[in-house]
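These are the residues of each chain, in order.
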Amino acid sequence: MRKLSVAVERFPIAGKFVISRGPKTEAAVVLAVLEDAGARGRGECTPYARYGETVASVLSQIESVRAAIEAGADRDELQALLPAGAARNALDCALWDLAAKQSGRPAYALAGLPEPVTVTTAFTISVGTPDEMAAAAERASARPLLKIKLAGEGDPARIAAVRAAAPKAVLIVDANEAWTDSDLPGYLAACARAGVALVEQPLPAGRDAALGRIERIIPVCADESAHARHGLLDLRERYDAVNIKLDKTGGLTEMLAMTAQAEAIGFGVFIGCMVATSLAMAPALLVAGRALFVDLDGPLLLARDRPDGLVYEGSLIRPAPPALWG
């Protein structure tokens, strides 16, 4: 009989990680482990306060479906049992891993996908003063792709400082909903002067209509505004790309479906992550090869990772080893 075990694990962040909503000192993740007939599947999620999640609420959601999961509920049934979010992600990814271990076939083959390839991830520069961000960018300037966290007031100076410190890197910026309608023209112009390739979620979700009324001189990507397939079409006039994350979609099953729908609509696909371990990144690598940008640097921001973690060679990520996931 299938058995579910759940644990909360904490991984300290190396240095500091700061976005517009404040600092983070550790990644508190929930680990779901499914065991069945000698095989074991794992999935990891990160509860996110922005979406009303806590460790306690995610544990409660998982417990609410324990009986169904242990009785043999599959991935399709799980889609109906839980809404999109962190709890469903941990269980869905554990089910994929379990199926791979039981069948002896890799998860990508079970999903009908090509073998994952090595991809380049963005590396995140936290919000700080222009001088602080320039120093961090200079230390990371050999990396080909940098993701710059912004905070609203003072962002043009931050962007200019980072560009001066990392003149060869491709830059994407992430405001995490910190801009206002009146900020848009000047801040987008500052991004254009710095050669920024993509602006992520400049305005608050639900208050982003202005993006459909302006000329977007730089592609704009939805993050907090886009969770799963539902509502994607409504975003087409405001955004050029969508950030698809396992913890938002509620697992690989929905990530695959959302990626296909986003591509069909004409969105660029951005594969993102929360700050978490290699186990949380591994399922996303199945679709990362078809993304416009990949931001799966969570383990690089931690003081320590899991055993058998992903292999990062600078900003290159090798496909996940079977001992980790899939």
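Residues numbered from 1 in each chain as written. Predicted model: local features only at pLDDT ≥ 70, side-chain atom pairs only at ≥ 80, totals over all residues. Heavy atoms only, no water.

The name an unreviewed UniProt entry assigns to the protein is Dipeptide epimerase, from the organism Methylocella tundrae. Checking UniProt for the protein, the heading Sequence similarities (unreviewed entry) contains the comment "Belongs to the mandelate racemase/muconate lactonizing enzyme family." (UniProt positions renumbered as here; feature names shortened; annotations may be inferred.)

### A few points about unusual backbone geometry
Here the phi dihedral of Gln 201 falls at roughly 40 degrees; this positive angle occurs in a residue that is not glycine. The topology assignment puts Gln 201 in the loop between strand S8 (198–200) and strand S9 (220–222). With a relative accessible area of 0%, Gln 201 lands in the buried category. (Helix = DSSP H or I, 4+ residues; strand = E, 2+ residues; numbered from the N terminus. Buried < 20%, exposed > 50% of the residue type's maximum accessible area, 1.4 Å probe, protein only.)

### Concerning helix H7 (residues 155–165)
Regarding H7, the residues found buried are Asp 155, Arg 158, Ile 159, Ala 161, Val 162, Arg 163 and Ala 165. Here the buried face of H7 lies against helix H6 (130–139), strand S6 (145–149), strand S7 (170–174) and helix H8 (184–193). (Contact = heavy atoms within 4.5 Å.)

### Some remarks on the sheet that holds strand S13 (residues 312–313)
The sheet built from three strands is open, its strands ordered S4-S14-S13 with antiparallel pairing. Only two strands of the sheet have a single neighbouring strand rather than two, namely strand S4 (119–120) and S13. Across two bridges, the pairing between S13 and strand S14 (residues 316–317) is antiparallel. Paired with Glu 313 across the bridge in S14 is Leu 316. (Pairing = 2+ DSSP bridges.)

### Some details on the domain arrangement of the protein
Interface size is commonly expressed as the accessible area that is lost once the parts come together. Its domain assignment divides the protein into domain 1 (3–104) and domain 2 (119–317). For domain 1 and domain 2, the distance between their C-alpha centroids amounts to 23 Å. In total, domain 1 and domain 2 occlude about 3,000 Å² of area from one another, counting both sides; carbon and sulfur atoms represent 55% of this. Summed over the shared surface of domain 1 and domain 2, the result is three salt bridges. Here domain 1 is connected to domain 2 by 16 residue pairs in polar contact (both at pLDDT 80 or more). Examining the composition of the side of domain 1 that touches domain 2, we find that 10 residues originate from one element, strand S1 (residues 3–19), more than from any other. Counted by class, the side of domain 1 that touches domain 2 contains 17 nonpolar, six polar and 11 charged residues. (Domains from an automatic or database assignment. Buried area = accessible area lost by both parts, 1.4 Å probe. Salt bridge = Lys/Arg side-chain N within 4 Å of Asp/Glu carboxyl O. Polar contact = N/O pair within 3.5 Å; in protein donor to acceptor, adjacent residues only side chain to side chain. Nonpolar A, V, L, I, M, F, W, Y, C, P; charged D, E, K, R; others polar.)

### Points about the packing of H6 against H7
The N-to-C vectors of H6 and H7 enclose an angle of 30 degrees; their axes lie 8 Å apart at closest approach. In terms of their interaxial angle, H6 and H7 are classed as roughly parallel. When you trace H6 past H7, the crossing you get is right-handed. On H7, the residues that touch Pro 130, Met 133, Ala 134, Ala 137 and Glu 138 of H6 are Ala 157, Arg 158, Ala 161, Val 162 and Ala 165. (Axes fitted to C-alpha atoms, helices over the stretch in contact; angles between N-to-C directions. Parallel < 35°, antiparallel > 145°, perpendicular 65-115°, else oblique. Left-handed = near helix turned anticlockwise from the far one by under 90°.)

### Considering the UniProt feature "transmembrane region" (unreviewed entry) in the protein
Following the UniProt record, one finds the feature "transmembrane region" (unreviewed entry) at residues 264–293. Helix makes up 33% of residues 264–293 and strand 17%, with an end-to-end C-alpha separation of 17 Å.

### Some words on the pairing of strand S10 (residues 241–244)
Residues Ala 241 and Asn 243 point to one face of S10 and Val 242 and Ile 244 to the other, with burial holding for every one of them. Pairing of S9 with S10 involves two bridges; the strand directions are parallel. Residue pairing for S10: Cys 221 is matched across the bridge by Ala 241. In this sheet, strand S11 (residues 268–271) lies alongside S10 in parallel orientation, the contact comprising four bridges. Across the sheet, Val 242 pairs through a bridge with Val 269, a residue of S11.

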